[in-house]
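Topology and contacts: notes
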Amino acid sequence: MSEPGTHYLNEGWTLRSWLLTTDHKRIAWMYFATITVFFFIGGLAALLIRLELLTPAGEMVESDTYNKLFSAHGIVMVWFFLVPSIPATMGNFLLPLMLGARDLAFPKLNLLSWYIFTLGGLFTMTAVIAGGVDTGWTFYTPYSTLFSNSAVVLAASGVFVVGFSSILTGLNFIVTTHKMRAPGLTWMRLPLFCWANYATSLIMILATPVLSMALLLIVLERVLGIGIFDPELGGDPLLFQHLFWFYSHPAVYIMILPGMGVVSEIITCFARRPIFGYTGMVISIMAIALFGFIVWGHHMFVAGQSLYAGILFSFFTFLVAVPSAIKTLNWTATLYGGRIRFTAPMIYGLSFLGLFTIGGLTGVILASLAVDIHLHDTYFVTAHFHYIMVGGMVTAYLGGLHFWWPKITGRMYSGPWSIVAALALFIGFNLTFFPQFLLGFLGMPRRYHAYPEEFQLLHVMSSLGAGVLAVGYLLPMVYFGWSLWRGKPAGDNPWDATGLEWQTSSPPPKHNFVDTPTVTTRPYDYV
Amino acid sequence: MAEQAGYLDTVEQGLALHPEQAATSAAQVDLLFWVLVAVCVALVLTLFALVIGFSVRYRAGSRRPRPGAIAESLGRRIELGGAAGLTVAFLALFAWAGTLYLYLYRDPGGDMLTVNVVAKQWMWKLQHPNGAREINTLHVPTGQRVRLRMTSQDVIHSFYIPAFRLKRDAVPRLYTTAWFEASKPGEYHLFCAEYCGTDHSRMRGKVVVMTPEDYAAWAQKNGEGEGPAQAGERLFTAYGCSGCHRGRGTVPAPRLDGVAGRRVALAAGGTVLADAAYLRDSLLLPNKHVVAGYEPVMPSYQGQIPEDEILQIVTYLQSLEPGDWTVEPRR
């Protein structure tokens with residue numbers, strides 16, 4: 001028994017008590033701090049890109065610099081922010097709490113994951129400092145292996161290393177979910193956040209090794225010239241695209257499923273309703289994880305793969321949209337007959353619903369083969385995946401942070417300011433990325449440093465929107481920081497939410513629960 | 001040039017909301033695109049109406065009576081009905097898009113104006129059948145099908161003409177083809193759409209669509225007298241290929257007239273289709289596919305023939321019919 005008033009945050013103040021901790025809640029904080037740094041590095045690159053694109057001539061930075069900026073933006077945002085974002089922070093913090101467990105199944109492995117993640121980050125940051133990498137986040141061959149004069153080996157090594165952190169986190173989550181659920185917490189009583197992280201973990205351990213192999217082959221080809229991808233040696237440059245997208249398409253679901261989990265918790269809580277169609281939601285999560293593995297070829301409709309492969313990949317891509325649509329339908333139906341409170345987390349949750357739907361449906365447009373010929377590699381694609389990854393995942397990430405902040409820190413933040421930030425995010429995001437759909441349809445290609453003049457007006461609109469969006473990102477930093485020092489004590493369950501994490505104190509004690517909880521009801525038992 | 005006077009830049013300044021339609025495929029793609037957009041807008045508006053409607057009606061302060069929970073059986077029917085309805089709609093759209101893709105992307109065969117395209121960092125090199133060469137500009141007539149036969153001599157590029165809704169990657173080692181029929185005279189953007197390094201965004205050019213008469217005049221003025229196939233025949237001799245393959249040398253080699261498009265039996269067993277990529281591999285990686293009955297004695301031409309010349313030799317070999325060569329090579 002710990003003394004009254006002690007919790008995981010104040011049970012040790014030394015640096016050592018953080019760097020050698022095996023407490024999942026402290027490790028979550030370490031991830032939170034690290035990925036926040038990466039988010040702002042990636043965001044700075046995005047800001048410079050949007051500034052450059054204010055004018056068509058490409059006169060602010062050199063072309064090589066621009067290419068390194070969008071490469072750094074993609075690499076940092078995908079592997080060092082989006083992939084770990086919700087799983088490594090909120091997943092780490094909440095999964096054991098939601099399961100009624102004292103920690104993850106392998107606490108030391110959890111700490112090791114963070115060190116591996118940070119090591120990979122240092123590799124990639126070294127690459128950025130040592131001149132940068134200019135291959136785009138996709139590392140397409142033969143450009144990356146034979147032609148690029150930038151720090152490809154260092155950057156690819158960083159991504160290779162960080163993959164192991166994903167794999168270990170996935171493994172930890174899977175074992176924890178199987179073995180450490182509280183008495184009475186059957187699979188069909190699991191909160192959807194747990195299901196989403198479970199499915200994400202499955203994808204992480206199944207897909208990440210393929211990316212690791214592909215990156216290793218890039219490094220070997222660049223250093224030793226082994227001829228896997230080099231056409232001069234009889235290699236096949238398209239093979240890399242197959243390997244890369246075999247990971248990177250499922251990785252899109254790594255980057256959205258946890259967000260779906262967060263939103264399911266938020267919408268039920270603030271609508272005061274049980275989730276509509278719990279079983280359907282679980283099936284959809286698992287179907288998305290499964291179908292996600294057989295659609296990778298839709299990134300290659302114009303790349304020279306067989307026409308019939310294109311037909312098959314298009315077919316599966318249309319099908320994978322169905323479970324996502326069911327989830328959207330069910331979140332909407334959850335609102336029916338509720339008592340809806342418009343707090344900041346709820347505004348983020350509803351923003352997610354709208355932005356994810358637009359992102360998903362434009363994905364259906366891109367899955368349509370004949371139309372994709374025109375839209376492929378244009379800003380239409382850029383807009384589409386930002387609606388999913390930023391409009392979807394980053395919105396859900398911020399929503400989750402606002403939802404569980406009182407539990408994590410024991411303190412409340414400013415209600416009005418948080419609502420302003422949530423609205424700024426929604427408005428700024430749409431101003432930034434909606435014009436990019438039009439740019440893409442008009443024919444503006446991606447990754448262009450300079451562009452024809454007739455696209456300027458839409459680019460300017462997009463860049464101005466990015467300014468509003470930046471406010472939406474920076475404001476929470478201010479009032480969250482404020483709340484850490486001056487925030488009102490939150491109490492154990494300020495939102496009056498169900499779920500085991502709300503039954504313990506805020507912040508939780510080191511071992512989460514004084515007595516192991518027992519579960520007797522379905523999740524989201526709001527009436 | 002004087003004959004281009006009628007083809008000044010037709011690109012509009014300011015905020016355009018619809019790209020030009022300058023090929024027969026453009027309207028077909030746009031019809032599908034706008035139907036897709038209509039379906040998406042309808043779904044998004046339905047969602048927004050429901051979310052906003054529920055948010056107002058069931059906001060925490062409202063006194064409206066709350067309905068009880070939707071019965072599980074009804075809920076399941078709503079889910080399954082929604083899933084079934086969407087699946088049917090999606091499959092219909094998939095079928096439409098797939099059919100159009102096959103039509104637009106499969107080479108229809110037959111006689112077409114075939115332009116060779118070699119991409120390199122950071123330019124497009126093109127050659128017309130009459131030998132006319134262009135860089136970063138493509139002149140084509142209206143009302144005639146044009147085939148592009150593309151490859152790259154370094155990294156992957158992508159040949160993109162937004163006004164034609166046409167895009168196809170140019171991949172080293174591969175020969176990809178694309179076809180179109182231009183319909184509206186004017187000048188249109190040609191972009192590289194696959195990131196290819198430093199000057200990717202400056203790997204731009206234009207397509208000049210001309211009336212058939214103007215094109216004929218242009219082609220006559222710019223033709224070099226030697227088309228790619230003739231150039232290929234000359235190179236075939238100059239690089240010494242004919243020495244063995246046309247039976248004048250001392251080493252047995254398979255005859256090549258009419259080989260293109262046929263299946264070739266291999267020494268290692270099995271057969272391979274003699275497509276453009278096979279012909280190219282045979283020049284650069286001769287030991288990859290050794291023809292049945294022959295020894296692997298051919299030297300590699302790796303690094304000795306520029307990419308556009310390889311394409312000319314391939315064009316020449318593809319132009320041959322069986323029996324075009326009268327001399328029987330040694331066996």
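Residues numbered from 1 in each chain as written. Chains lettered and ligands numbered in written order. Predicted model: local features only at pLDDT ≥ 70, side-chain atom pairs only at ≥ 80, totals over all residues.

**Side note on the overall build of chain A**
For chain A, the helix and strand inventory stands at 17 helices and zero strands. Taken over the C-alpha trace, chain A has a radius of gyration of 23 Å; the compact-globule value for 527 residues is 24 Å, and the two agree within 12%. When each of the 527 residues of chain A is scored for burial, the buried share is 62%. Here the contacts in chain A between residues at least 6 apart in sequence split such that 85% fall between residues at least 24 apart. (Helix = DSSP H or I, 4+ residues; strand = E, 2+ residues; numbered from the N terminus. Rg over C-alpha atoms; globule rule 2.2 N^0.38 Å. Buried ≥ 20, exposed ≤ 12 C-beta atoms within 10 Å, placed from the backbone. Contact = placed C-beta atoms within 7 Å.)

**With respect to the overall build of chain B**
A tally of helices and strands in chain B yields seven helices and 12 strands. For 331 residues, the compact-globule formula gives about 20 Å, and the C-alpha radius of gyration of chain B, at 27 Å, lies well above that figure. Counting contacts in chain B only where the partners sit at least 6 residues apart, residues at least 24 apart contribute 70% of the total.

**Describing the domain arrangement of chain B**
Residue and element names in this part refer to chain B. The domains assigned to chain B are domain 1 (24-105), domain 2 (113-222) and domain 3 (228-319). The gap between the C-alpha centroids of domain 2 and domain 3 is 26 Å. Taken together, the contact between domain 2 and domain 3 spans 10 residues of the former and seven residues of the latter. Broken down by secondary-structure element, the contributors of at least two residues to the side of domain 2 that touches domain 3 are strand E1 (113-120) and strand E2 (123-127). In terms of residue class, the side of domain 2 that touches domain 3 is built from four nonpolar, four polar and two charged. (Domains from an automatic or database assignment. Nonpolar A, V, L, I, M, F, W, Y, C, P; charged D, E, K, R; others polar.)

**Observations concerning the sheet that holds strand E3 (residues 133-135) of chain B**
Residue and element names in this part refer to chain B. Across the sheet, five strands lie side by side as E3-E2-E1-E5-E8; this open sheet has mixed pairing. Strands at the two margins of the open sheet, each flanked by one partner only, are E3 and strand E8 (176-181). With strand direction ignored, the average angle separating the axes of adjacent strands in the sheet is 25°. Taken together, the five bridges between E1 and E2 define a ladder with antiparallel strand orientation. In the strand pairing of E2, Asn116 is matched with Gln127. Contacting E1, E2 and strand E5 (145-152), helix H7 (residues 307-319) crosses the sheet at an angle of about 155° to E1. (Pairing = 2+ DSSP bridges. Axes fitted to C-alpha atoms, helices over the stretch in contact; angles between N-to-C directions.)

**Concerning the pairing of strand E9 (residues 186-192) of chain B**
Each regular strand shows side chains that alternate between the opposite faces of the sheet. Residue and element names in this part refer to chain B. Counting buried positions over the seven residues of E9 gives seven, a clear majority of the element. Bridge count between strand E6 (residues 157-161) and E9: two bridges; the pairing is antiparallel. Across the sheet, residue Phe159 finds its bridge partner in E9, namely Cys192. Relative to strand E10 (residues 205-210), E9 runs antiparallel, the two being bridged by five bridges. Considered in E10, the bridge of Glu187 is made with Val208.

**Structural notes on the pairing of E2(B)**
Connecting the antiparallel pair E1(B) and E2(B) is a turn made up of two residues. In this structure, the hairpin formed by E2(B) and E3(B) is closed by a connection of five residues, where Gly131(B) is found at a positive phi of approximately 100°.

**Points about the nonpolar core**
Residues Met255(A), Leu257(A), Ala370(A), Ala97(B) and Val117(B) are the most contacted members of the largest nonpolar core, which totals 250 residues. No other element matches helix H15 (residues 379-409) of chain A, which puts 18 residues into this core. Apart from residues no more than four positions distant in its own chain, Val117(B) is found in contact with Trp124(B), Leu126(B), Leu148(B), Arg149(B), Met150(B), Phe159(B) and Ala170(B). (Core = buried A, V, L, I, M, F, W, Y, C linked by C-beta atoms within 7 Å.)

**Here we look at the packing of helix H4 (residues 85-99) of chain A against helix H8 (residues 192-224) of chain A**
Residue and element names in this part refer to chain A. Two numbers describe how H4 lies on H8: the axes approach to 10 Å, and their chain directions differ by 125°. As far as their axial angle goes, H8 and H4 are oblique. Here H4 and H8 pass one another in a crossing that is left-handed. From H4, Pro87, Gly91, Leu94, Leu95, Met98 and Leu99 reach across to H8, where they touch Phe193, Cys194, Asn197 and Thr200. Grouping the constituent residues of the contact of H4 with H8 by class yields seven nonpolar, three polar and no charged. (Parallel < 35°, antiparallel > 145°, perpendicular 65-115°, else oblique. Left-handed = near helix turned anticlockwise from the far one by under 90°.)

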